[in-house]
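Spelled out, the chains give:
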Amino acid sequence: MSHVKLTDVTKRFGPVVAVNRLNIEISKGECFSMLGPSGCGKTTTLRMVAGFEDLDEGEISVGEKVFSSSFKKYYLPPEKRDFGMVFQAFAVWPHLNVFNNIAFPLQIRKMTKTEIEERTRRAITYTGLSGSEHTYPNELSGGQKQRIALARAIAINPTVMLLDEPLSNLDPKLREEMRFEIKDLQRKFDFTIIYVTHDQAEAMALSDRILVMSEGVVQQIDTPLNIYHKPANQFVFSFIGLSNMLPVEIADGSIWIEGNHNAGAIPTEVPPEVKARHMTLAVRPYEIDFVRTAGVRGIVKRVAYLGDIIDYRIMIGDVEVRVQKNRKREIFRENEPCGLEFNQVAWYERGSAS
Amino acid sequence: MMIKKHFGNFGLAEILLAISVLILVIVVAIPVLLILWTALFVDGKFNTADILNILSQPATYEALKNSFIIAAGVTFFSTVVGVFFAWLVSRTDLPFKETMKVLFLIPFMLPTLIGALAWKMLLSPRAGYINKFINDLFGLDGSFFNIYSLSGIIAVETMYLFPFVFIQVTGALERMDPTLEESARISGAGLLTITRKITLPLMLPSIAAGALLVALYSLAHFGVPAILGTEAGIYNIPTKIYEQIYQSGGSFTAIRTGTVLSTILIISAALILYIQSLVLKAGRFQVIAGKSMRPMLLKLRGLKLPLLMFSILYLSITVIMPTVTIFLVGALKTYGINFTWENMSFTNLKYILFEWKMTKDAIWNSIYLSLSAAFVTMIVGVLISYTIVKMKVRGKFILEFLGVLPFSLPGTVIAIGVILMWSGKFGVNLYNTAWIIFVAYIARYMAFSLKSNSAALEQVSDSLEEAARACGATHWQSLKDIVIPLVKPGMVAAFFLIFLPAMRELTTSVLLYGPKTRTIGVAIYALNEDGETVYAATLASVALIIIIIGQLIIKRITQSKIQGVQ
């Protein structure tokens, strides 16, 4: 059963189509992430769900209730949607202390004093803010401020929680910690999360499903595992994780790096669905193996130690290939000739997407 | 070698500090001390009886009361008007918002003196054009509105001072992170609740900062009360001081009364600045700008056009009508006749520009005094700001303290101070010469120069200068080749920030002018006093044209700066 439903949602800013016919169904209690480069439309989509932007076309509903609809000319203002939302820049009110920040949505709803007290305390306890009720936000760190924002969002027990890059203003270590705290809060309060981020690790760690977006268009909606291992297209392949995109030429069942036949053929099968002569071969750096004598021949140009892995740049003629191996010692030195074999590859038509 | 070089730097820092301190002491500190000394001591003895005597005189007491009533009224109304228009242009969907934002700054450029002159012509009890028009229309014989009153003074000052608040509040509203309001909205609050509980509290420091600037300005303002008040016997502190000194021909008793009243002004100004610093400190909210999303705008719907019309009407009444009045009256052959083509000519303009020595002198005096004071103050301001912002040298705190002083000195106080200092008591007598006005202008506008230059200098990272030193430049070379070119925009801004107000200065010059050293402001004021309303208006038109040209030059300069960055 879908909880949040977006149907043919479209948003234009002047001539620019920011979001183009978006269809999403999010289940109750799901953690759903929207991932993409900046300007891809993910934040605009979230703001349409929140009600800060209206739709040019389409409909957004939560549960049985329609929230925005271009067909019915209906639009419920954000203050009536009962969502929890956390913003990138914390948006904690500096003139209110921690307690009053968190109690604000409850006060707006005119709850009784005891209920406000009780619910605020609970939110404070769950977000680990106990003891700083009477502190003002400016005396607190970025992590603490984001905890206030989270507490404020959960105080009303929302069924849907909107998170707009909530962790990107925090330092990396704190970011990882907060991911788990958000997950914990979700388990305790059982809300549906819509999470916007440009950080793929964050999306992978948190989400049940990820939507990858580019230029306002959905590229893939799938589980983190499938997004990574079965990318729907070249954009998703290159956006998620590291990748090599090699221009290849296919003739008589053999594959060559384009313009570099001297290096020899790439020892990989040509799948039957590949018909064109010129293709792009996509392969992740750790899906490439070194061989001494066979394989496609190249020269090691640079070796860099990245701690637990070693990063190689190999030149096959004039094309650079990146290879990563987690061995303690280097297999090849700089300027040594080597051979490469590709394990898992994906084929994309040339010029499909870059 | 190393030691010698280090010693050299130490020397430059010390010399700069010494020069800066010396200038501020001579120009600002000693005059203030002289005022306090003269007010509090008689023949070297502490004297409270005399002070109480002066303050208990009904006339001085009345002036004090009026000053505070005017300042309070102007501050209140400027805050209301300024906040309302600021909110209108930055938080609603008012049409032509960007244009309106610029238009609301124009009242600032219109000198209050000229504004008051125009309103006198429009609303003086009997002869005012509007009063006459309404009387003729309804066959009445009273006056529709008497501008010669406390409410008249408050209204006219509000018209030209509210931009202080407007600028502060629009700036703050634009810098404010929109998600602070959005998060209140998603928490369930409507726009009115958000304005009341989130936006207004967050704007409070900026509103207070603007309001206190208005209070500081109005408290010690001469022009408007002088033109609209004295006629009806309404005096405030500056006009009272002027009246006493003028009537007694500059007697010491009058100057002493002036020092006592000045002391009250100094204390009030210091208090206002202290409150301002407290408010600003309390309000130093960290408002990080998030993603550049537009803030929520209140949809005005049916009120859109009425509010736009209201804003335009407001500006027409406060800016266009007075300006047109000044130009029209300035062209009349005699005051009081009708505005017809036959009654108007350029004769007045020709007369005051080329024939009448008094006005010719006034224009020339204002131009060279403003230019030279602006230039010197700009240079000295760079020197002092550099020492305060960049130098690490012992004794800097003295300079920091002295640097705050100019901000708290009203124009009247500066005039009294330079009179005490430069009228022969210390071997130099500049009284009745242009020099005394020159020195007073430097003291009066030092605050502007310090503000503009330190802002520019704070933008120049220390590492830029250090990089120059690492490349082998001496301290002096790094200053000349790196720092000065980088702060040049700040210096140019300071120059105009001083030149334009100095061109229309009245509060200080009116206490200092001699027979040959009238400035434009003084001349306009004197002509109006002598009943030469038409010539006053003609001279005011000339002043307005000079100001407009000055503003256009500033605009060109700031625009080319922006293009340079792109």
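Residues numbered from 1 in each chain as written. Chains lettered and ligands numbered in written order. Predicted model: local features only at pLDDT ≥ 70, side-chain atom pairs only at ≥ 80, totals over all residues. Heavy atoms only, no water.

**Structural notes on the overall build of chain A**
Within chain A one finds 8 helices and 20 strands. A total accessible area of about 16000 Å² is found for chain A, and carbon and sulfur atoms account for 49% of it. (Helix = DSSP H or I, 4+ residues; strand = E, 2+ residues; numbered from the N terminus. Areas by Shrake-Rupley, 256 points an atom, 1.4 Å probe, with all protein chains shown as cover.)

**A short note on the packing of helix α3 (residues 58-91) of chain B against helix α8 (residues 150-161) of chain B**
All names here are of chain B. Running from N to C, α3 and α8 cross one another at 45°; their axes reach a closest spacing of 8 Å. With respect to each other, α3 and α8 are oriented oblique. Handedness of the crossing formed by α3 with α8: right-handed. Mapping the contact onto sequence places Asn66, Ile69, Ile70, Gly73, Val74, Phe77, Ser78 and Val81 in α3 and Leu150, Ile153, Ile154, Glu157, Thr158 and Leu161 in α8. A breakdown of the residues in the contact of α3 with α8 according to their chemical character gives 9 nonpolar, 4 polar and 1 charged. (Axes fitted to C-alpha atoms, helices over the stretch in contact; angles between N-to-C directions. Parallel < 35°, antiparallel > 145°, perpendicular 65-115°, else oblique. Left-handed = near helix turned anticlockwise from the far one by under 90°. Contact = heavy atoms within 4.5 Å. Nonpolar A, V, L, I, M, F, W, Y, C, P; charged D, E, K, R; others polar.)

**Focus on a negative patch on the surface**
A grouping of Glu231, Glu529, Asp530 and Glu532 of chain B is seen on the molecular surface, where their side chains present a negatively charged patch. Its place among the elements puts Glu532 of chain B in the loop between α24 (520-529) and α25 (533-565). (Patch = residues over 30% accessible without salt bridge, like charges linked within 9 Å, V, L, I, M, F, W, Y side chains within 5 Å. Salt bridge = Lys/Arg side-chain N within 4 Å of Asp/Glu carboxyl O. Lys, Arg positive; Asp, Glu negative; His and termini not counted. Charge placed at Lys NZ, Arg CZ, Asp CG, Glu CD.)

**Digging into the sheet that holds strand β19 (residues 337-342) of chain A**
Residues and elements named next belong to chain A. The antiparallel open sheet is built from 5 strands, whose spatial order is β15-β19-β16-β17-β18. Sheet topology places β15 (288-291) and β18 (319-325) at the edges, where each strand pairs with a single neighbour. Averaged over all pairs of adjacent strands, the angle between strand axes in this sheet comes to 45°, irrespective of strand direction. By the bridge criterion, 4 bridges tie β15 to β19 in an arrangement that is antiparallel. Counterpart to Asp289 in the pairing with β19 is Glu341. (Pairing = 2+ DSSP bridges.)

**Describing the packing of helix α21 (residues 462-470) of chain B against helix α22 (residues 475-503) of chain B**
All names here are of chain B. Packing of α21 against α22 leaves a shortest axis separation of 9 Å and a crossing angle of 140°. Of the possible angle classes, the one that applies to α21 and α22 is oblique. Pair α21 / α22 crosses with right-handed handedness. The residues of α22 that touch α21, namely those facing Leu464, Glu465, Ala468 and Arg469, are His475, Ser478, Leu479, Ile482, Val483 and Leu486. In the contact of α21 with α22, the residues fall into 6 nonpolar, 2 polar and 2 charged.

**Some points on the nonpolar core**
Membership of the largest hydrophobic core comes to 202 residues, with the highest contact counts inside it found for Leu162 and Ile194 of chain A together with Phe104, Leu228, Val510 and Ile524 of chain B. The element best represented in this core is helix α20 (residues 434-459) of chain B, accounting for 14 residues. Apart from residues no more than four positions distant in its own chain, Leu228 of chain B is found in contact with Ala116, Lys120, Ile147, Tyr148, Ser149, Gly152, Ile153 and Val156 of chain B. With 35 residues, the next largest nonpolar core counts Ala153, Met178, Ile182 and Tyr195 of chain A among its residues. (Core = buried A, V, L, I, M, F, W, Y, C linked by side-chain atoms within 4.5 Å. Buried < 20%, exposed > 50% of the residue type's maximum accessible area, 1.4 Å probe, protein only.)

**Things to note about the packing of aromatic side chains**
Here a ring pair, both rings aromatic, is described through the centre-centre distance and the interplanar angle of the planes. Under the counting rule described, the total for this entry stands at 37 aromatic pairs over all chains. A centroid spacing of 6.1 Å and a plane angle of 75° characterise the contact between Phe237 of chain A and Tyr348 of chain A, whose relative ring orientation is edge-to-face. Taken together, the residues Phe237 of chain A in helix α8 (residues 234-239) and Tyr348 of chain A in strand β20 (residues 345-349) connect sequence positions 111 residues apart. Exposure remark for Phe237 of chain A: the relative accessible area of 6% places this residue in the buried category. Taken together, Phe84, Phe85, Trp87, Phe104, Phe162, Phe166, Phe310 and Tyr314 of chain B form an aromatic cluster joined through their ring pairs. Sitting over the ring of Phe237 of chain A, Arg284 of chain A keeps its end group 4.2 Å from the ring centre. (Phe/Tyr/Trp six-rings, centres within 6.5 Å; stacked < 30°, edge-to-face > 60°. Lys NZ or Arg CZ within 6 Å of the ring centre and 35° of its normal.)

**Digging into the pattern of salt bridges**
Residues and elements named next belong to chain A. Throughout the structure, instances matching the rule amount to 36 salt bridges over all chains. In this structure, Glu117 engages Arg121 in a salt bridge whose closest nitrogen and oxygen atoms are separated by 3.0 Å. Of the two residues, Glu117 and Arg121 both sit in helix α3 (residues 113-126), 4 residues apart, roughly one turn of that helix. Looking at Glu117, the relative accessible area reads 35%, which means it is partly exposed. Using a relative accessible area of 33% as the deciding quantity, one classes Arg121 as partly exposed. A salt bridge links Asp199 to Arg175; the nearest nitrogen and oxygen atoms lie 3.7 Å apart. Pair noted here: Asp199 is in the loop between β9 (192-197) and α6 (200-206) and Arg175 is in helix α5 (residues 172-189), with a separation of 24 residues, a long-range link. Asp199 sits in the buried class, given a relative accessible area of 18%.

**A word on the environment of Thr259 of chain B**
Residue and element names in this part refer to chain B. Within the secondary structure, Thr259 is located in helix α14 (residues 252-282). For the pair Thr259 and Ile416, spaced 157 residues apart in the sequence, the C-alpha separation amounts to 6.9 Å. When neighbours within four sequence positions are excluded, Thr259 is seen to be in contact with Ile35, Thr38, Ala39, Ile416 and Leu420.

**Quick word on the environment of Val487 of chain B**
Residue and element names in this part refer to chain B. Examined against the element boundaries, Val487 turns out to sit in helix α22. For the pair formed by Val487 and Thr158, sequence separation is 329 residues and the distance between their alpha carbons is 34 Å. Those residues within four positions of Val487 in sequence are excluded, and the remaining contacts are Ala456, Leu457 and Val460.

**Some thoughts on the interface of chain A and chain B**
Taken together, the contact pairs 29 residues of chain A with 25 residues of chain B. Note on chain A versus chain B: buried area summed over both sides is about 2500 Å², and carbon and sulfur give 62% of it. With its nearest N and O atoms 2.7 Å apart, the salt bridge here joins Glu79 of chain A to Arg185 of chain B. On inspection of chain A and its partner chain B, the count reaches 7 residue pairs in polar contact (both at pLDDT 80 or more). By residue class, the composition of the side of chain A that touches chain B is 17 nonpolar, 4 polar and 8 charged. (Buried area = accessible area lost by both parts, 1.4 Å probe. Polar contact = N/O pair within 3.5 Å; in protein donor to acceptor, adjacent residues only side chain to side chain.)

None of the figures reported here should be taken as evidence of function without further support.
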